[in-house]
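As a plain string of letters, each chain reads:
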Amino acid sequence: MILVTGASGTLGRPVTRLLAEAGADVRALSRRAREPESGVTWCKGDLVTGEGVEDALAGVETIVHCASDAFHAKRDLQAARTLIEAARRQGAPHLLYISIVGVDKIPYRYYKIKYAVERAIEDSGLPYTILRATQFHTLPDAVFAALTKVPGLMLLPRGLRDQPIEVGEVAGRLAELALAAGPARRVDDLGGPEVLTVEEMMRDYLKARGLRRPVRVPVPLPGRAARAFREGHHLAPDHAVGNRTWRQFLAETHTHR
């Protein structure tokens, strides 16, 4: 029995599907009630308030914790604490958590919360596995979409790079870890197949969208977090194991005539 939190989210959906396809008995935790699917039982619950969490965890052997809220980051820590306490009362199942490369080195608010969740899991006494991945393709795609809504010259931050990865490949790795024999603590980071500058990524994005806009990268970002990003602490070049490139993602997402 495997419980997936955040099962209706960007990552949770493919994780849930892959586990069900592998023949696992899957419970999917969501704040909204849903009809059962093949191999998946949807459970209504709220990790912040704790409502429904105990029932969802009953008999569960593995938890894949995908739930996250970048816009209300503090809720992530409260949700993790709720999940940990409930798991302790249910016989200490294996807790598998997805985190982000660089959360321990980049003083960005959301990253600080993700790192605090990691530490809470490590100190929980539960058997655990933590996987860190680089950012999904969908994040820079959304950022660039917002930037192109503003007419005129495209101004980009200086010295930033990214190593985007396909969300389905992260889901596949999580499903593999969930179906493995047991917990593995911190496993190797998971990175996309290439490290690109923000300018390269934007130019590829504009081409895929069929847009013509001048691009400049004169904007220096101040602060410790920006410096840490420029230093590449969010990258995993030694673990560039992803297959789907940024250009492939764009070609399939933004096909134009």
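Residues numbered from 1 in each chain as written. Predicted model: local features only at pLDDT ≥ 70, side-chain atom pairs only at ≥ 80, totals over all residues. Heavy atoms only, no water.

Asker: I'd like a description of the pattern of salt bridges, backed by residues and values.
Answerer: One side chain can pair with another of opposite charge once the charged atoms of both are near each other. What the rule picks out here adds up to 12 salt bridges. Two residues, R17 and E21, come together in a salt bridge whose shortest N-O distance is 3.4 Å. Note that R17 and E21 are positioned in helix 1 (residues 12–21) at a spacing of four residues, about one turn of the helix. Classification of R17 by relative accessible area gives partly exposed; the value is 45%. For E21, a relative accessible area of 57% translates into the label exposed. Of the charged contacts in the structure, one is a salt bridge between R75 and D69, with a shortest N-O distance of 3.9 Å. If you follow the salt bridges from partner to partner, you end up with D104, E118 and R132 in one network. (Salt bridge = Lys/Arg side-chain N within 4 Å of Asp/Glu carboxyl O. Helix = DSSP H or I, 4+ residues; strand = E, 2+ residues; numbered from the N terminus. Buried < 20%, exposed > 50% of the residue type's maximum accessible area, 1.4 Å probe, protein only.)

Asker: Got a sec to walk through the packing of aromatic side chains? Specific residues and values, please.
Answerer: Aromatic ring pairs: the centre-centre distance and the angle between the two ring planes describe each pair. In this structure the tally under the stated criterion is six aromatic pairs. Where Y108 meets Y111, the ring centres are 5.5 Å apart and the plane angle is 70°; that geometry is what we call edge-to-face. Taking the relative accessible area as the measure of exposure, Y111 reaches 3% and is therefore buried. Members of the aromatic cluster, joined through ring pairs, are F144, Y205, W246 and F249. Cation over ring: R119 sits above Y115, and NZ or CZ is 4.6 Å from the ring centre. (Phe/Tyr/Trp six-rings, centres within 6.5 Å; stacked < 30°, edge-to-face > 60°. Lys NZ or Arg CZ within 6 Å of the ring centre and 35° of its normal.)

Asker: Please set out the state of the cysteines residue by residue, giving values where relevant.
Answerer: Enumeration according to the criterion identifies zero disulfides in this entry. Not part of a disulfide, C43 finds its nearest cysteine sulfur in C66, a span of 15 Å. Here C43 falls in the buried class, since its relative accessible area comes to 16%. (Disulfide = S-S within 2.5 Å.)

Asker: Which residues make up the side chain of E166, and what are the values?
Answerer: In this fold, E166 is placed in the loop between strand 8 (161–162) and helix 6 (167–178). In contact with E166, not counting residues within four places along its chain, are H137, R244 and F249. (Contact = heavy atoms within 4.5 Å.)

Asker: So what's going on with the environment of E51? Residues and values would help.
Answerer: Tracing the backbone through its elements, the reader meets E51 in the loop between strand 3 (40–44) and helix 2 (53–57). Placed 21 residues apart in sequence, E51 and H72 show a C-alpha to C-alpha distance of 19 Å. For E51, the residues in contact, after removing those within four places along its chain, are K44, G45 and D46.

Asker: Please set out the packing of helix 5 (residues 138–147) against helix 7 (residues 198–209) residue by residue, giving values where relevant.
Answerer: Look at helix 5 against helix 7: their axes get within 11 Å of each other, and the N-to-C directions meet at 70°. When the axes of helix 5 and helix 7 are compared, the pair comes out roughly perpendicular. Every residue of helix 7 that contacts helix 5 at P140, D141, F144, A145 and L147 is listed here: V198, M201, M202 and Y205. For the contact of helix 5 with helix 7, the residue count by class is eight nonpolar, no polar and one charged. (Axes fitted to C-alpha atoms, helices over the stretch in contact; angles between N-to-C directions. Parallel < 35°, antiparallel > 145°, perpendicular 65-115°, else oblique. Nonpolar A, V, L, I, M, F, W, Y, C, P; charged D, E, K, R; others polar.)

Remember that the coordinates give geometry; whether it matters functionally is a separate question.
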